[in-house]
Amino acid sequence: MELKNLRKRIFLPLKQDYERKLHELNYMFFELTHRCNLECIHCGSDCLKNDIIPDLPAEKVIEVLKEIKAHQNSKKVMIVLSGGEPTVYPDVWKLGRAIYDLEFPWGMVTNGFNWTKHTIADAKKARMHSVTVSLDGLEESHNWLRGHPESYKRAERTIKMLIEDPFWKAMDVITCVNKKNIHELDKVRDLLIELGVKRWRFFTISPIGRAVDHDDLFLDESQFKHLMKKILEYKKLRNIEANYSESGYLGNFEHRVRNHDFFCRAGISVSGIMVNGDILACPNNNRKFKQGNVFEDSFIDVWENKYGVFRDRKWMKKGLCADCPEWRMCKGGAFHLWEPDADSIKMCPYRKFDLK
């Protein structure tokens, strides 16, 4: 083993253990709504166009943020508005401006369907810091995944508008790679470069939400390795930055297909408030892992004194993880792939795709 890799394997776990003990909040999700203008077959929240679940009140979002600001530097906590589709949330731009006025940077992940020139103007006034637009392959593949015949055209139009009027500090496109679009990636790359996109992220599907009912969403071993090699190829390009998202430990592809080594920060430096007020970590975590509810509990009190199941993950050393030689580097993998009292992780990419 080369000296550089040996040092990483020694010091990286120690650094991550320190961060677990520190548990400094720097990333915060707010699931504003379960309503959405699309019906994506891979939706982790199983959102609907006309969901009956009430939205998370904007007043409660601001109340939580004021509590956080009273305890730490708000400029160092990134706020992400999610859903559902955040642009269907009433007065989302008014909320965004209130977040900015509290000195939090904020952004959103959007399907791009609702955006117009007026939306761009509203986002600028709200001082939105970052935006991620989903583009999941070419037109047929994207519309299949998103469940709407106009979805691709709307998303491409939104990307063009955002490129033409770059008021944000960070913008990227994210692509859900599946069996339908795995062979379209070069064409998508060419399209994004032509549009002027500078950052491109990839993620693969986890067996949660609606996705479990669609076999076409899940890559097999050869397809997954093909994706990894494609990302390595794209990372050599000067005109677009390509990275794989935080979806699990990747063995021999670690620190090659993304700019950092795997570290699931759910509950360690990342938190989230669900639409019903439940205090969780990332929105894809099993809701039974909730740590409290902002309608009943102080968020800061919960953040400082709970989250034990997230920060001490020794309980995960069972099932596939029990005798894994990569335990120190992985510590149970991505938290959203675990369920309370589970005997093992739902899916381990390191083992499933033979990434040794």
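Here the structure is shown first, and the text comes after it.
Computed from a prediction, not measured in an experiment: that's the story for all the values here.

A. Representation of the overall build of the protein chain. Per the secondary structure count, the protein chain includes 12 helices and 10 strands. In summary, the protein chain has a C-alpha radius of gyration of 20 Å against a globular reference of 21 Å for 356 residues, a match within 12%. Residue pairs at least 24 apart in sequence account for 69% of intrachain contacts in the protein chain once pairs closer than 6 positions are excluded. For the protein chain, the computed accessible surface area is about 16500 Å², with 51% contributed by carbon and sulfur atoms. One finds the centroid of the 58 positive side-chain charges in the protein chain at a distance of 5 Å from the centroid of its 51 negative side-chain charges.

B. Geometry of the sheet that holds strand β9 (residues 278-280). Strands sit in the order β7-β6-β5-β4-β3-β2-β1-β8-β9-β10 across an open sheet of 10 strands; the sheet is mixed. Every interior strand has two partners, whereas the edge strands, β7 (241-244) and β10 (292-293), have only one. Pairing of strand β5 (residues 170-177) with strand β6 (residues 199-204), which is carried by five bridges, proceeds in the parallel orientation. Bridge assignment links Val-173 to a residue of β6, and that residue is Trp-200. The strands touched by helix α2 (residues 58-69) within the sheet are β1 (27-31) and β2 (78-82), with β1 carrying the most contacts at an inclination of about 165°.

C. Representation of a negative patch on the surface within the structure. On the surface, Glu-296, Asp-297, Asp-301 and Glu-304 cluster together into a patch of negative charge. Of note, Asp-301 is situated in helix α9 (residues 299-305). Residue class for Asp-301 comes out partly exposed when judged on its relative accessible area of 42%.

D. Layout of the pairing of β7. Where β6 and β7 come together, four bridges link them in parallel fashion. Paired with Trp-200 across the two strands is Ala-242, which belongs to β7. In this fold, β6 hands off to helix α8 (residues 221-234), which returns the chain to β7; that crossover is right-handed.

E. Representation of the packing of α2 against helix α3 (residues 92-101). The interhelical angle for the contact between α2 and α3, taken along N-to-C directions, is 10°, at an axis separation of 11 Å. Here α2 lies roughly parallel to α3, going by the angle between them. Counting all contacts with α2, which are made through Ala-58, Val-61, Ile-62 and Leu-65, the residues of α3 involved are Leu-95, Ala-98 and Ile-99. Taken together, the residues of the contact of α2 with α3 break down into seven nonpolar, no polar and no charged.

F. Local environment of the side chain of Ser-269. Structurally, Ser-269 is set in the loop between β7 and β8 (270-273). Residue class for Ser-269 comes out buried when judged on its relative accessible area of 4%. Those residues within four positions of Ser-269 in sequence are excluded, and the remaining contacts are Glu-24, Leu-25, Asn-26, Tyr-27 and Trp-303.

G. Focus on the environment of Val-177. Relative to the assigned elements, Val-177 resides in strand β5. Separated by 27 residues in sequence, Val-177 and Thr-204 place their C-alpha atoms 5.3 Å apart.

Parameters at a glance
- Residues numbered from 1 in each chain as written.
- Predicted model: local features only at pLDDT ≥ 70, side-chain atom pairs only at ≥ 80, totals over all residues.
- Heavy atoms only, no water.
- Helix = DSSP H or I, 4+ residues; strand = E, 2+ residues; numbered from the N terminus.
- Rg over C-alpha atoms; globule rule 2.2 N^0.38 Å.
- Contact = heavy atoms within 4.5 Å.
- Areas by Shrake-Rupley, 256 points an atom, 1.4 Å probe, with all protein chains shown as cover.
- Lys, Arg positive; Asp, Glu negative; His and termini not counted.
- Charge placed at Lys NZ, Arg CZ, Asp CG, Glu CD.
- Pairing = 2+ DSSP bridges.
- Axes fitted to C-alpha atoms, helices over the stretch in contact; angles between N-to-C directions.
- Patch = residues over 30% accessible without salt bridge, like charges linked within 9 Å, V, L, I, M, F, W, Y side chains within 5 Å.
- Salt bridge = Lys/Arg side-chain N within 4 Å of Asp/Glu carboxyl O.
- Buried < 20%, exposed > 50% of the residue type's maximum accessible area, 1.4 Å probe, protein only.
- Right-handed = clockwise from strand over helix to strand, strands pointing away.
- Parallel < 35°, antiparallel > 145°, perpendicular 65-115°, else oblique.
- Nonpolar A, V, L, I, M, F, W, Y, C, P; charged D, E, K, R; others polar.

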